[in-house]
Protein chains: 4
Amino acid sequence: MDHECNLTVRSYECDSYGHVNNAIYLNYLEFARHSYLHDNGISVGELRASGHGLLVARIDIQYRRPAYTDDRLVIRTRAVRKMRIGGVLEQTVLRGEEVVATAQVTWVCVDGRGRPARLPPAFEREGFNP
Amino acid sequence: MDHECNLTVRSYECDSYGHVNNAIYLNYLEFARHSYLHDNGISVGELRASGHGLLVARIDIQYRRPAYTDDRLVIRTRAVRKMRIGGVLEQTVLRGEEVVATAQVTWVCVDGRGRPARLPPAFEREGFNP
Amino acid sequence: MDHECNLTVRSYECDSYGHVNNAIYLNYLEFARHSYLHDNGISVGELRASGHGLLVARIDIQYRRPAYTDDRLVIRTRAVRKMRIGGVLEQTVLRGEEVVATAQVTWVCVDGRGRPARLPPAFEREGFNP
Amino acid sequence: MDHECNLTVRSYECDSYGHVNNAIYLNYLEFARHSYLHDNGISVGELRASGHGLLVARIDIQYRRPAYTDDRLVIRTRAVRKMRIGGVLEQTVLRGEEVVATAQVTWVCVDGRGRPARLPPAFEREGFNP
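Residues numbered from 1 in each chain as written. Chains lettered and ligands numbered in written order. Predicted model: local features only at pLDDT ≥ 70, side-chain atom pairs only at ≥ 80, totals over all residues.

Asks: Outline the overall build of chain A, supporting the account with residue identities and numerical values.
Replies: Counting its secondary structure elements, chain A contains two helices and five strands. Secondary structure elements in chain A, listed N-terminal to C-terminal, are β-α-α-β-β-β-β. The buried share of chain A, taken over its 130 residues, is 36%. Counted over contacts in chain A with a minimum sequence separation of 6, partners at least 24 positions apart contribute 65%. (Helix = DSSP H or I, 4+ residues; strand = E, 2+ residues; numbered from the N terminus. Buried ≥ 20, exposed ≤ 12 C-beta atoms within 10 Å, placed from the backbone. Contact = placed C-beta atoms within 7 Å.)

Structure, rendered in structure tokens:
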């Protein structure tokens with residue numbers, strides 16, 4: 001099952017075209033991943049306290065339709081690949097049935113020195129597997 | 001020849017890891033494209049006044065190394081593909097010799113109603129061709 | 001009665017101290033004013049279509065306590081002064097009973113040329129009066 | 001003598017009015033204070049390593065004129081008050097001779113637990129005194 005979270009576009013997130021600015025979508029995706037981790041039992045704060053960090057290595061995002069102030073968006077997140085030190089997520093931004101944007105996000109787990117590290121056991125949960 | 005522009009990382013662009021936040025790189029790339037257009041004789045303002053807009057359709061960005069407050073970065077932009085209604089740019093964020101991030105950015109020209117439109121003659125300049 | 005709206009702090013809104021960055025509070029206040037207007041029957045979009053704009057002339061904000069990722073905040077907005085061309089709002093950011101920040105925001109109505117303009121009749125509603 | 005620093009408005013800093021968004025000015029002021037500290041011999045990084053932090057307690061900003069993409073701005077910073085645990089700065093955003101915004105910024109020094117702390121000796125420099 002895909003993870004879903006909701007948000008409403010805020011006025012200050014729109015640029016001079018009146019559209020949500022391209023960079024803001026990366027904020028939305030980060031917000032959704034934070035929620036996805038939380039709802040699968042992982043607190044980023046605790047992870048950091050245990051000496052692990054999660055870094056994004058790559059984002060490939062396609063912008064399909066503009067979004068506007070007050071639009072209610074749903075962000076769907078699902079694992080499409082899992083490796084020993086990270087994985088790939090597919091994230092979709094929807095407005096009702098319409099696809100606003102889609103992204104593939106590659107993430108890796110790092111240790112306190114920023115080197116790739118094996119995923120902690122908490123990532124064995126079903127929600128993290130394709 | 002590649003287009004280059006410079007910027008210095010500002011403190012408020014860094015997140016709780018002390019790194020430049022992922023979304024901020026998209027701001028940097030937009031800043032560099034704006035400068036690239038300007039230095040090739042295109043004003044986004046005039047383009048809009050003439051009923052054209054430039055939209056980003058896709059960004060595929062790879063984060064290679066973190067960047068920090070006060071880092072001096074160079075952003076290199078070059079055309080790698082050109083079509084009748086848009087093109088693909090390669091943008092590289094450098095700190096000295098180190099590659100901080102690389103991105104492929106697909107852009108399209110649209111008319112006043114947001115439909116794909118043929119590029120205006122101003123885009124015939126050499127800087128816009130691979 | 002004061003207007004209230006809710007939001008949850010997002011990870012990307014925090015800076016390298018792990019606190020919500022000072023500038024982000026102004027985003028929160030704008031978001032709350034947008035909601036306050038909407039809930040009092042005013043759409044910023046329609047207002048603009050009718051040739052009016054609302055500008056902020058002054059913000060005096062006091063930061064009392066830091067806020068952190070995932071904090072649930074309430075923003076309370078109430079009119080403390082009303083003039084023919086604008087007014088003053090008091091906005092309070094709360095986390096439970098704790099005051100996180102307080103602000104006085106002076107706003108003015110402008111016409112299409114950016115000159116101060118008399119408030120449209122829609123602003124006669126009770127919610128806009130102290 | 002006042003401290004000065006320069007910046008050029010970037011496209012993504014403008015909102016749907018085409019103006020620099022109100023919150024962005026606080027980013028500009030932070031950028032200017034960072035530069036002001038640096039040019040007076042203080043590195044925020046070293047300060048933190050020594051167990052001190054600088055927090056903003058209050059910002060009172062007046063917006064006088066809109067600023068637009070590509071505007072070249074100067075930000076002037078000067079100390080108007082100094083206390084044992086902090087001070088007040090006056091910051092002015094200028095475009096040529098025009099005043100775009102003015103702000104009074106109250107800041108305090110804190111220790112590792114976030115409690116007000118006496119300023120370290122580095123703040124005895126002339127640039128920090130009114």
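Asks: Break down the relation of the copies chain B and chain A for me, citing the residues and quoting the values.
Replies: Each copy superposes on the other: chain B lies on chain A with an RMSD of 0.0 Å after a rotation of 180 degrees and an axial shift of 0.0 Å. Each copy turns onto its partner about a two-fold axis. The rotation axis passes nearest to the C-alpha of B:Asp60 in chain B, at a distance of 2.0 Å. (Least-squares fit on C-alpha atoms with pLDDT ≥ 70 in both.)

Asks: Describe helix H1 (residues 22-39) of chain B, with residues and values.
Replies: Residues and elements named next belong to chain B. Taking 1.5 Å as the rise per residue, H1 with 18 residues should run 26 Å; its terminal C-alpha atoms sit 26 Å apart, in good agreement. Burial within H1 is extensive, with 15 of its 18 residues counted as buried. Backbone geometry just downstream of H1 places Gly41 in the positive-phi region, at approximately 90 degrees. (Expected span 1.5 Å × (residues − 1).)

Asks: Lay out the nonpolar core with the relevant residues and their values.
Replies: C:Tyr25, C:Leu29, D:Tyr25 and D:Leu29 are the most contacted members of the largest nonpolar core, which totals 53 residues. Apart from the residues within four sequence positions on either side, C:Leu29 is in contact with C:Ile75, C:Gln91, C:Ala103 and C:Val105. Core analysis: the second largest hydrophobic core is formed by 52 residues, A:Val93, B:Leu26, B:Tyr36 and B:Ile59 among them. (Core = buried A, V, L, I, M, F, W, Y, C linked by C-beta atoms within 7 Å.)

Asks: Account for unusual backbone geometry, naming residues and giving values.
Replies: Residues and elements named next belong to chain A. A positive phi angle, near 75 degrees, is found at Asp70, a position not held by glycine. Take Asp70: it is sitting in the loop between strand E2 (53-63) and strand E3 (72-83). For Asp70, a count of 16 C-beta atoms within 10 Å corresponds to the partly exposed category.

Asks: With reference to specific residues and values, describe the packing of helix H1 (residues 22-39) of chain C against helix H1 (residues 22-39) of chain D.
Replies: Here H1(C) crosses H1(D) at 170 degrees, and the two axes come no closer than 8 Å. Regarding the angle of H1(C) to H1(D), the classification is roughly antiparallel. In this structure, H1(C) contributes C:Asn22, C:Ala23, C:Leu26, C:Asn27 and C:Glu30 to the contact, and H1(D) contributes D:Asn22, D:Ala23, D:Leu26, D:Asn27 and D:Glu30. When grouped by side-chain class, the residues that make up the contact of H1(C) with H1(D) number four nonpolar, four polar and two charged. (Axes fitted to C-alpha atoms, helices over the stretch in contact; angles between N-to-C directions. Parallel < 35°, antiparallel > 145°, perpendicular 65-115°, else oblique. Nonpolar A, V, L, I, M, F, W, Y, C, P; charged D, E, K, R; others polar.)

Asks: Let's hear about the interface of chain A and chain D: which residues, and what values?
Replies: Facing the seven residues of chain A at the interface are seven residues of chain D. Counted by class, the side of chain A that touches chain D contains three nonpolar, three polar and one charged residues.

Asks: An account of the relation of the copies chain A and chain D is needed here, citing residue identities and associated values.
Replies: The two copies are related by a screw motion: chain A maps onto chain D through a turn of 180 degrees and a shift of 0.0 Å along the axis, at an RMSD of 0.0 Å. Of all interface residues in chain A, 100% are interface residues in chain D too; the two copies therefore contact each other through one and the same surface.

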